[in-house]
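# Working through the structure, step by step
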Amino acid sequence: MADEKYYVTTPIYYVNDKPHIGHAYTTILADVLARYHRLLGIPTYFLTGTDEHGQKVQQAAEKNGLMPQQQCDQTVVRFQELWKRLEITHDDFIRTTEPRHKVIVQEVLQDLFDRDEIYRADYQGWYCVGCERFFVEKDLVEGNCPECGRKADAIQETNYFFRMSNYQDWLIDYIETHPEFIQPDFRANETLGFLKTKKLQDLCISRPKARLAWGIDLPFDSDFVTYVWFDALLNYITAIGYRRDDVQFNQWWPATHQLIGKDILTTHTVYWPTMLKAMGVPLPKTVFAHGWWLTGRTKMSKSLGNVVNPMEMADRFGVDAFRYFLIAEMTVGQDASFTEEAFVRRYNSDLANDLGNLLSRTVNMLGRYCDGKFPGLGKDALSGAPEKELWAAVQSAVAEMESSIDTMRLNSGLTAVLTAVRKVNQYFEIKQPWTQAKEGKTEAVGITLALAAESLRVCSALLYPVMPEKMSELRSVFGLGKPVLSQLKTFGVIKSGTPVGSPGILFPRVELNNAEATPLPPQPKKEKRGEGAASAKNMSIEPEKPEGIITYDEVMNVKLRTAKVLAAERVEGADKLLKLKIEIGEEKRQLIAGIALYYEPERVIGKTIVVVANLKSAKIRGIESQGMLLCASVGDRLTLITVDEELPSSGAVVK
RNA sequence: GGCUGGGUAGCUCAGUUGGUCAGAGCAGCGGAAUCAUAAUCCGCGGGUCGGCGGUUCAAGUCCGCCCCCAGCCA
C-alpha cells in the first residue's frame, strides 16, 4: 500500500435506469474497497452519482408531464435510497445536472475549442422521421432504419468533434508502458487489440438541440448540447474540484481505482484517457472492469424473467449477507452467476454454519464456564502448539486480506478469513473446552475460549468492510467498537473481565423456498445408526409422498410455453430431425425435433405448439436445440400438441 | 470473419519461472463428538488436467495442429 491516498469511483448511473444488481455490485465493491482503505488508515474518497442528461430523460419527462429536471429529481431518489439501504458510504454523490458540474464541463469545452482540440464539421447522415433518430451509413439495414425498418432520409448535419484520433499512438504507448492502467490485464489486450488494428476516429461530442434539448449547452455554439461522454466522464474530476478547488483536486486526483462494468471499457480506456490527455490532466492509476452477474447460465434479462432485484435480496436475506455473497462469489474480472441456490448454499455454509455458529458456541461456553466474563490471557497463552498454529492462521488471513485488496482479489481474501474461522472450529475440537471444564481445568478452558474470542475479534475486523452491521453486532459481544488496523496484528486486545454479551443468532440458517429456484436433486437420507423409528429424523418437514407422484411445485418447475413455428427445415444427414425456428413471446429460438418422419417442414410452419422453455440447451447433430416440443405418440403415430384456439401472441404460460 | 482468453474431481474454481501439481471449497459417503444455529470435527476422490502429435531425463505447466466455449471489434 504505497499510496498516500485512495480515491475510488463508480460510473455515474443513468438516472432513468431502474437500479439492478449490476449497479448494486459495482457500488458495493467500491464501498468495500473504500472501507478497507479507511480501515488501513489511508485517506479515502469514494464517489458515485448519476448521469442525468439525454434523450431518455427528456422523453420520460414529456410522458409524465414534467420538466426534465423534475423528472431527474424524482428518479435519482431510487439510487440514493438503494445506497442507503445497502450501507454504502460514499463521500459524494454527483449529479450531472448540478451547476458545479455543468460550469466546469463548459469551461473544459471552451478551453479545448480555443485550442482547436474540438472542431466543427458538416457531414452526411441518415434520419428516420418515425423514430426521430439519426444514423450513420453503416447503422442502416439495407438502407432502412435499424429500429423500425422504414426508409431513412439522407440529411446533412453539423456537429462538433474532439480530435481523439490525434492521440491513438500516444494511447497505445501509454497502455503498453502502464500495465496497471487497465485491469484485469486481458481487458488491456482488448483495448489494444482494436487500437492497433483500426484507425481511431474523432469523437462526436455534440447534438443539435433540434434533436436533443436536454443537455449542457456548448459554450461556443448555443444551438448544440454536449453529448453523453464529454458530459458524463468529466464527473470524476468535477466532483473533486477540478478548476475550482486545486487543493481538493490535487489531494484526490489521479483516481486510484475507477470501477466500471466491462460494457463501458472503451469509453473509459479510450475516450476518457484521450480527453484527459488533451486537457493536460494525468490519467487515473487504474480503470478496473469487472464482469457481469448472470443468473444460472443466461445473462440477466427482463424477458427471461430472472432478474434478481437487489432490494428484494437484501430484504430477504439481509444486506450484509447479500454484500458478502456478491464479493465472495465474483472472481476478478470474470462473470459470476447469481442463483438463489448458490446464495443459500454459501450463506448457510460460510455465514451460518462456520462463522455464526462459531460465535454461538464460543459465547455459550464463555457464559457457561467463565461466568460470562472474558477470562483474559496470560503472557504464555500462545505457548502451546495448537495455539501457535491457530494464531498463525489468523495472521495469515490478515496478510492475505491486505494483499488481496491491492490486487482486487477480495474473494480470495474472504476465503482466507473463512479458513481462519474454520481453524477456530478445529481448535475447539482439539482442545475440547467442554471436556476441560468437566475435568475442572478452569485455566485451560479460559485460554481456549479467550483465544477463540481473540480470533473472532480479528476475523470480524477483516470482514467488517464487507458486513459492517453484522460485524458490529459480533464485536459488541466482546465490547469492541470499530476495528482498528493496529489491533489486527496484536494479540490480547479484549480486556480481561469484559462481560460477554448475548448476540442471538447472527446468521440464521435459511432454507431454499422459492419456487423459481431449481430445487437440489433429492438426496437419499440415510438413517443414522442407533436411531429408532421415533427419532427426530422421521419427523421431517417433508411429508411422505407416494412413489411416482410429484408435487405442484415440481410441476411448476417445468416452464411450458406456447410457441409459434416461424420456419422449419430438414436437418441434413438426419432423416428424423427437423430444425425449427420458433418464437416464444418476444424471444426467438431454434430447436431440433425428431418429428421429420411424421411432419413435412411446410406442415409445421405457422402452428402454435407447446414447448419446454427452461430445458437446458443441447447439441443435436452439432446443432443447438434450445428447448423441447411436446407431442403425443402411440405406436407409429405421432401428433404435435397444439392449442385449441389461437391466442393473440405466443409465449403464453401453459398450466 | 479478425483478435483475445479459457477448457483441471458431480458443481465453482486454485495451480507462480516444466520436476511431491494432481489440489481447495461446496455437494456425496462413512465415522467421532455433544459447547453450538439439525451446527462442528475426522476419514474417503481409479479426474485420459479438451483431443492428437512434438520438445525434454521430466509437461495441466513449453511448441504445433484440431475440437469446443466465452469476450472484444467504438
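Residues numbered from 1 in each chain as written. Chains lettered and ligands numbered in written order. Predicted model: local features only at pLDDT ≥ 70, side-chain atom pairs only at ≥ 80, totals over all residues. Heavy atoms only, no water.

Reading across the sheet, the four strands line up as β5-β4-β6-β8 and stay open at both edges, with antiparallel pairing between neighbours. Two strands lie at the open edges of the sheet, namely β5 (133-135) and β8 (203-204), each paired on one side alone. Pairing of strand β4 (residues 118-128) with β5 involves three bridges; the strand directions are antiparallel. The residue of β5 that forms the bridge with tryptophan 126 is phenylalanine 135. (Pairing = 2+ DSSP bridges. Helix = DSSP H or I, 4+ residues; strand = E, 2+ residues; numbered from the N terminus.)

Moving on: the pattern of salt bridges. Applying the stated rule across the entire model yields 28 salt bridges. Ionic pairing is found between arginine 85 and aspartate 315, a salt bridge with its closest N-O pair at 2.5 Å. Linking arginine 85 in helix α3 (residues 68-85) with aspartate 315 in helix α11 (residues 310-317), this pair joins segments that are 230 residues apart in sequence. (Salt bridge = Lys/Arg side-chain N within 4 Å of Asp/Glu carboxyl O.)

What follows concerns the packing of helix α17 (residues 442-463) against helix α18 (residues 468-477). Put simply, α17 and α18 touch, their axes get as near as 9 Å, and they point 160 degrees apart. The angle between α17 and α18 falls in the class roughly antiparallel. The way α17 lies across α18 gives a crossing that is left-handed. Only Met471, Leu474 and Arg475 of α18 make contact with α17, whose side of the interface consists of Leu456, Arg457, Ser460, Ala461 and Leu463. (Axes fitted to C-alpha atoms, helices over the stretch in contact; angles between N-to-C directions. Parallel < 35°, antiparallel > 145°, perpendicular 65-115°, else oblique. Left-handed = near helix turned anticlockwise from the far one by under 90°. Contact = heavy atoms within 4.5 Å.)

Moving on: the confidence of the model for chain A. Here chain A averages 81 in pLDDT, while 82% of its residues score no lower than 70. Within chain A, helix α19 (residues 552-557) has the poorest average pLDDT of any element, 40, and strand β3 (residues 92-95) the best, 98. This stretch, residues 514-557, has a pLDDT under 50; its non-local contacts, to residues over four places away or in other chains, come to 24 contacts. Prediction confidence for the complex, expressed as pTM and ipTM, is 0.78 and 0.90 respectively. (pLDDT = per-residue confidence, 0-100.)

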